[in-house]
Amino acid sequence: LVAGAGAAAGLGAAAVDVILLTGASRGLGAALARHLARPGVALRLVARDAAALAAVAADCAARGADVAQACCDVTDAAAMAALLRGWDAALPFTHV
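Note that the structure is predicted; figures quoted are calculated from it, not measured.

Lay out the environment of valine 46 with the relevant residues and their values.
As for its position among the elements, valine 46 is in strand 2 (residues 41-47). By relative accessible area, valine 46 is classed as buried at 0%. For the pair formed by valine 46 and alanine 70, sequence separation is 24 residues and the distance between their alpha carbons is 5.1 Å.

Hey, could you go over the sheet that holds strand 1 (residues 17-22) for me, with residue numbers and the actual values?
The pairing of strands in a sheet happens through backbone hydrogen bonds and is either parallel or antiparallel. A sheet is described by the order of its strands in space; here three strands give the open sequence 1-2-3, paired in parallel fashion. Sheet topology places strand 1 and strand 3 (66-71) at the edges, where each strand pairs with a single neighbour. Each neighbouring strand pair of the sheet contributes to a mean axis angle of 15 degrees, computed without reference to strand direction. Pairing geometry for strand 2 and strand 3, over six bridges, is parallel. When the bridges of strand 3 are listed, alanine 47 appears paired with cysteine 71. In the packing of helix 3 (residues 50-62) onto the sheet, contacts are made with strand 2 and strand 3, and the angle to strand 3 comes to roughly 175 degrees.

So, how was this worked out
Residues numbered from 1 in each chain as written. Predicted model: local features only at pLDDT ≥ 70, side-chain atom pairs only at ≥ 80, totals over all residues. Heavy atoms only, no water. Helix = DSSP H or I, 4+ residues; strand = E, 2+ residues; numbered from the N terminus. Buried < 20%, exposed > 50% of the residue type's maximum accessible area, 1.4 Å probe, protein only. Pairing = 2+ DSSP bridges. Axes fitted to C-alpha atoms, helices over the stretch in contact; angles between N-to-C directions. Contact = heavy atoms within 4.5 Å.

Take it as geometry only, folks, not as evidence of what the structure does.
Structure follows, in structure tokens:
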């Protein structure tokens, strides 16, 4: 993942990178979320542990990222489909 790839992909100079990241509450997912968090990046964080996810989301927001979070089990296809439909269609994912 490269910050600014949204603009490089022809989405416009003001385009942000919109990244869907699952398993974001701990381990590699949390580390990757924190690494990617910066102005111009919109993180869409998903995990099962609400408290841990909230802490990661707050840290990412403090680093300047636009953060949305949701608790969801990615093995539940119906729940994931509903979650994805609910996020802003004006900001399509540039990275998953």
